[in-house]
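Coordinate analysis (summary)
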Amino acid sequence: MGRLFGTDGARGVANTELSCELAMRIGRAFAMTILANRELRIADFDLKDRPRVLIGMDTRASSPMLASALAAGLNSAGVDAILAGVVPTPAVACLVPRLRCAGGAMVSASHNPCEYNGIKLFQANGRKLPDALEERLEAIILDETEPPPMVIGGQVGRTETAPGLIAQYEAHLLSTVPENLGEALKAQGLRRIALDCANGSASATAPELFRRLGFDCEILAAEPDGVNINDGCGSTHVERLREYVRANGLDAGFAFDGDADRLLAVDETGALVDGDRIIAICAGQWQREGRLRHNAAVVTVMSNLGFHAFCRERGIRCEVTTVGDRYVLEAMTEHGYCLGGEQSGHIIFLDFASTGDGQLTALQLLEVMRKTAQPLSALANQMELYPQVMINVRVSNLGKLRCSSDEEIRGAVAHAERELGAEGRVLVRVSGTEPLVRVMLEGKNAARIQTLAEEIAEVVRERLL
């Protein structure tokens with residue numbers, strides 16, 4: 001990845017690191033790549049028509065400001081912008097090809113606190129931009145290798161608002177499960193579920209979506225005020241939902257992140273059901289039904305060793321990629337797989353969507369519960385979780401660059417690997433979106449991996465601050 005785009009778009013503190021000026025330059029550069037589509041194959045449209053880009057946003061106070069700046073950049077290069085308002089990221093991915101747009105953009109910093117924001121870009125087919133194209137954009141934006149087009153008069157792009165588009169996205173989600181899903185589960189004994197909308201994009205869609213399917217829902221964190229997104233709620237703070245489900249005797253809970261492209265679940269006992277277990281549940285069911293194409297699922301290097309054991313026991317091929325749902329999707333597309341995702345809750349059901357979708361994931365999980373007539377706890381316990389420790393160490397931007405080459409960090413990792421042997425693993429990686437180094441250890445001895453993880457984290461802290 002380059003200097004501007006990380007593993008999930010451009011991201012930073014809004015109005016400083018991610019300024020209106022930068023958002024405008026991103027919009028202009030995106031327009032330039034679209035207009036050069038025959039070379040870059042980003043879209044297939046008639047150049048006699050002015051191309052359009054769909055822009056969605058989450059609930060942060062800075063999102064309308066940055067969406068407007070992004071639209072201005074597109075317009076200045078002769079591309080129209082359609083403002084969809086507050087929508088989930090997967091809604092943009094879903095709607096771009098349906099509306100025959102030349103591309104899409106989502107203004108969101110996903111699971112990050114409200115002071116952050118980001119810009120994710122999509123191709124005409126609804127998929128995120130490949131690395132090579134993002135590097136081309138960076139060259140235009142940061143190195144000024146190409147002058148922007150000088151359009152005037154009627155050639156200047158237009159911006160329009162289209163708030164009703166969200167209904168098309170909801171209709172797509174509803175089409176992926178039986179229309180009486182909620183009533184069917186009630187007949188099997190499922191009474192009530194909880195939805196934690198993270199005061200983010202899911203607030204605009206999830207309550208109505210699940211009620212239309214017949215579910216009785218307790219709605220949490222669905223009153224966004226511009227600053228409370230992900231604040232003690234959602235998939236990054238699932239402890240609140242766990243306690244709520246347990247205390248109120250609910251049958252399941254679902255926690256979305258700020259832009260609703262990921263999901264973590266909670267079973268009826270209040271136990272966490274993470275992305276690995278969700279993929280295992282769906283992979284196992286789809287294998288039984290003959291729907292798991294090539295009998296394979298794709299995960300990242302962060303996935304628990306227990307998932308690999310689950311796959312071995314059932315003869316499921318486990319494809320592993322580097323961290324990032326874009327890389328999961330690349331592997332799925334290349335090999336024709338239909339299911340993959342990340343431990344963090346980005347799950348891709350390629351038969352239904354081209355990106356992670358938290359609401360879609362919740363629906364697919366509930367559909368497995370309907371088909372098996374089993375509670376979520378029983379489904380989740382099909383996969384044994386190995387003890388895992390994750391420590392996030394805040395480092396300097398320069399420290400992130402030095403992480404992989406630092407000899408003392410390498411030595412600490414090698415020592416831990418010798419201690420764990422074949423029954424564990426060590427993974428130290430820099431975050432693609434934040435100034436963090438993530439230290440992750442797995443093994444059968446929880447106390448031992450905790451000690452080793454803290455030792456490595458301390459070396460990282462000393463060397464990279």
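Description of the structure in this document.

Calculation criteria
- Residues numbered from 1 in each chain as written.
- Predicted model: local features only at pLDDT ≥ 70, side-chain atom pairs only at ≥ 80, totals over all residues.
- Heavy atoms only, no water.
- Phe/Tyr/Trp six-rings, centres within 6.5 Å; stacked < 30°, edge-to-face > 60°.
- Lys NZ or Arg CZ within 6 Å of the ring centre and 35° of its normal.
- Pairing = 2+ DSSP bridges.
- Helix = DSSP H or I, 4+ residues; strand = E, 2+ residues; numbered from the N terminus.
- Axes fitted to C-alpha atoms, helices over the stretch in contact; angles between N-to-C directions.
- Contact = heavy atoms within 4.5 Å.
- Buried < 20%, exposed > 50% of the residue type's maximum accessible area, 1.4 Å probe, protein only.
- Salt bridge = Lys/Arg side-chain N within 4 Å of Asp/Glu carboxyl O.
- Right-handed = clockwise from strand over helix to strand, strands pointing away.
- Polar contact = N/O pair within 3.5 Å; in protein donor to acceptor, adjacent residues only side chain to side chain.

Another aspect to go through is the packing of aromatic side chains. Under the definition given, this model contains three aromatic pairs. The residue whose ring lies beneath Arg 291 is Trp 286, and the NZ or CZ to ring-centre distance is 4.1 Å.

Here we come to the sheet that holds strand E18 (residues 424–430). With respect to topology, three strands assemble into an open sheet ordered E17-E19-E18, the strand pairing being antiparallel. The open sheet is flanked by strand E17 (388–394) and E18, the only strands paired with a single partner. On average, adjacent strands in this sheet sit at an angle of 10 degrees to one another, irrespective of strand direction. Two elements, E17 and strand E19 (residues 436–443), share seven bridges in a ladder whose sense is antiparallel. Paired with Asn 392 across the two strands is Arg 438, which belongs to E19. Set on the sheet, helix H16 (residues 407–420) makes contact with E18 and E19; between it and E18 the angle comes to about 160 degrees.

Right, let's talk about unusual backbone geometry for a bit. The backbone phi angle of Asn 199 is positive, close to 50 degrees, even though this residue is not glycine. Counting through the fold element by element, Asn 199 comes out in the loop between strand E8 (192–196) and helix H8 (206–212). Of note, Asn 230 is a non-glycine position whose phi angle comes to about 65 degrees, a positive value. Relative to the elements of secondary structure, Asn 230 occurs in the loop between strand E9 (216–220) and helix H9 (239–248). A relative accessible area of 5% places Asn 230 in the buried class.

Tallying each qualifying case throughout the model produces 25 salt bridges. Measuring nitrogen to oxygen at the nearest pair gives 3.4 Å for the salt bridge that ties Lys 186 to Asp 216. Of this pair, Lys 186 sits in helix H7 (residues 181–187) while Asp 216 is found in strand E9, placing the two residues 30 residues apart along the sequence. Between Arg 246 and Glu 243 there is a salt bridge; the shortest N-O distance is 3.0 Å.

Pairing analysis gives five bridges linking E8 to E9, with the strands arranged parallel. Residue pairing for E9: Arg 192 is matched across the bridge by Asp 216. Chirality of the crossover, the property in question, places the unit of E8, H8 and E9 among those that are right-handed.

Turning to the environment of Ser 19, a few remarks are in order. Relative to the helices and strands, Ser 19 resides in the loop between strand E2 (9–13) and helix H1 (20–35). It is 42 Å that separates the C-alpha atoms of Ser 19 and Tyr 386, two residues lying 367 residues apart in sequence. Only 3.1 Å separates the side chain of Ser 19 from the backbone nitrogen of Leu 22, close enough to count as a polar contact.

The next thing to look at is the sheet that holds strand E12 (residues 272–273). In space, the five strands of this open sheet follow the order E9-E8-E10-E11-E12, with mixed pairing throughout. With partners counted over all chains shown, the strands left at the sheet margins are E9 and E12, one partner each.

Right, let's get into the pairing of strand E11 (residues 263–266). Burial along E11 is two-sided: Leu 263 and Ala 265 facing one way and Leu 264 and Val 266 facing the other are all buried. Looking at chain direction, strand E10 (residues 252–256) and E11 are connected through four bridges and run antiparallel. When the sheet's bridge partners are listed, Ala 255 is paired in E11 with Leu 264. Following E10, the chain reverses through six residues before pairing antiparallel with E11; Ala 260 in that reversal takes a positive phi of roughly 65 degrees. Relative to E12, E11 runs antiparallel, the two sharing two bridges. Bridge assignment links Val 266 to a residue of E12, and that residue is Leu 272. In this structure, the hairpin formed by E11 and E12 is closed by a connection of five residues, where Gly 270 is found at a positive phi of approximately 90 degrees.

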